[in-house]
Amino acid sequence: MLRTTRLFAALVLTALATAACGKEGSPPTKGPAAGELPKYQVAEGFELTKSGTWRKAKSRGRFVVGAKEDQPYLGEKDPASGRYSGFDIEIAKMVSASLGLDPGKISFKTIASANRETALQNGQIDYYVGTYTINDLRKKLVGFAGPYYMAGQGLLVRHDEDDIKGPRDLNGKRVCSAAGSTPYQRIKQDYPKATLVAYDTYSVCVDNLLTYQVDAVTTDDAILIGYAAKVPDELKLVGKPFSKEPYGIGVPRGDTTLRLAIDDALAAREKNGDWKKAYDATLGLSGVPAPKPPAIDRYPAS
Ligand code: GLU
């Protein structure tokens, strides 16, 4: 009986969320107003002619940036205005400004976790900012500037869940994650007794959690905290982070000039306070105070 009532409540919640934003899979959000966000000064007369990606963007007059559209506090698209907001979006904007192109003109494209490498390889986007973990496997396919933030894998469960407290409790449980993501891969390798369910996006996983189709959602804590904040009476994060997920800015692999210029841009924005301002206005709304950004890894071209 209790279960039925809760299921009904969850369904109503999902329906409300869906109606409120007119699109399935993304809960409604209240992000910061545009006026509260930092303004990034555009570098005057900046040139990076050795970078093919930069030259293309310069003649186009704007960068085309890959991002997420359903990750609260990080990368979210307002369905009414089409405007993107969140910490990753701010990072994309400060980088554009440092590379001499108006951040207000960026054309954002939503790219799912599984399609990031192809999008960069095909030249569909100039760079990618969307909870993108730097690792050696991916470095064979794309380049990474940064890291600009350190996340860790976590677990999101329903509020009344008592059995799952960490990844070891996932045996025989249904766990949802995004295809092509590092959290999906880690469960597959390290916790093979869990039943893995994959979708393109984490917001679809969360809908499945609310409607009792899965028992847990796993991905970075920074992402999960945003979903939990939308429906705190229904969902909670459990356990400690069980991985390190350094977030990088994906660039085409051959364009080392662009990669190192973005490293310089990040370092400068961390130094002048813009990084912290951006964090405070976005991810900081989750209640977690700004950490010290991780050390930037200017690795040599190979
Ligand atoms: N940071 C992890 C990854 O890059 C999970 C988040 C995501 O899928 O974007 O795979």
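Residues numbered from 1 in each chain as written. Predicted model: local features only at pLDDT ≥ 70, side-chain atom pairs only at ≥ 80, totals over all residues. Heavy atoms only, no water.

(A) Just the side chain of Asp220, in detail. Mapping Asp220 onto the fold places it in strand 11 (residues 216–220). Despite its burial, Asp220 pairs with no opposite charge; the closest candidate is Arg186, at 6.5 Å N-O. Only 2.6 Å separates the side chain of Asp220 from the side chain of Tyr247, close enough to count as a polar contact. (Helix = DSSP H or I, 4+ residues; strand = E, 2+ residues; numbered from the N terminus. Buried < 20%, exposed > 50% of the residue type's maximum accessible area, 1.4 Å probe, protein only. Lys, Arg positive; Asp, Glu negative; His and termini not counted. Salt bridge = Lys/Arg side-chain N within 4 Å of Asp/Glu carboxyl O. Polar contact = N/O pair within 3.5 Å; in protein donor to acceptor, adjacent residues only side chain to side chain.)

(B) Layout of the state of the cysteines. Applying the stated criterion to the full structure yields one disulfide. Here Cys176 is linked by a disulfide to Cys205, with a sulfur-sulfur distance of 2.1 Å. Handedness of the Cys176-Cys205 disulfide follows from its S-S torsion of about -70°: it is left-handed. Of this pair, Cys176 sits in strand 9 (residues 174–178) while Cys205 sits in helix 7 (residues 202–210), and the two are 29 residues apart along the sequence. One exposure class covers both Cys176 and Cys205, and it is buried. (Disulfide = S-S within 2.5 Å.)

(C) Here's a closer look at the pattern of salt bridges. With the rule as written, the count across this model stands at 11 salt bridges. A salt bridge links Arg138 to Glu117; the nearest nitrogen and oxygen atoms lie 3.7 Å apart. Placement of Arg138 in helix 5 (residues 136–139) and of Glu117 in helix 4 (residues 116–121) is noted, with a sequence separation of 21 residues between them. Pair check on accessibility: Arg138 and Glu117 agree, each one buried. Ionic pairing is found between Lys276 and Asp280, a salt bridge with its closest N-O pair at 2.7 Å.

(D) Seen up close, the nonpolar core. Counting 56 residues, the largest nonpolar core has Phe87, Tyr127, Tyr148, Tyr149, Ile249 and Ile262 as its most contacted members. Tallying contributions element by element places helix 3 (residues 87–98) first for this core, with seven residues. With residues near it in sequence (within four places) discarded, Ile262 still touches Val95, Leu99, Tyr127, Ala145, Ile249 and Val251. If you look at the next biggest cluster of nonpolar residues, it comprises 11 residues, including Ile111, Tyr128, Ile134 and Phe144. (Core = buried A, V, L, I, M, F, W, Y, C linked by side-chain atoms within 4.5 Å. Contact = heavy atoms within 4.5 Å.)

(E) How the structure looks around helix 7. The element helix 7 is largely enclosed, with a buried count of eight among its nine residues. All of the buried residues along helix 7 are Tyr202, Ser203, Cys205, Val206, Asp207, Asn208, Leu209 and Leu210. Phi turns positive, to about 65°, at Tyr212, one or two residues after helix 7.

(F) Representation of helix 6 (residues 182–190) in the model. Among the residues of helix 6, those classed as buried are Thr182, Pro183, Tyr184 and Ile187. The N-cap of helix 6, judged by a side-chain oxygen 3.2 Å from the amide nitrogen of Tyr184 a few residues on, is Ser181.

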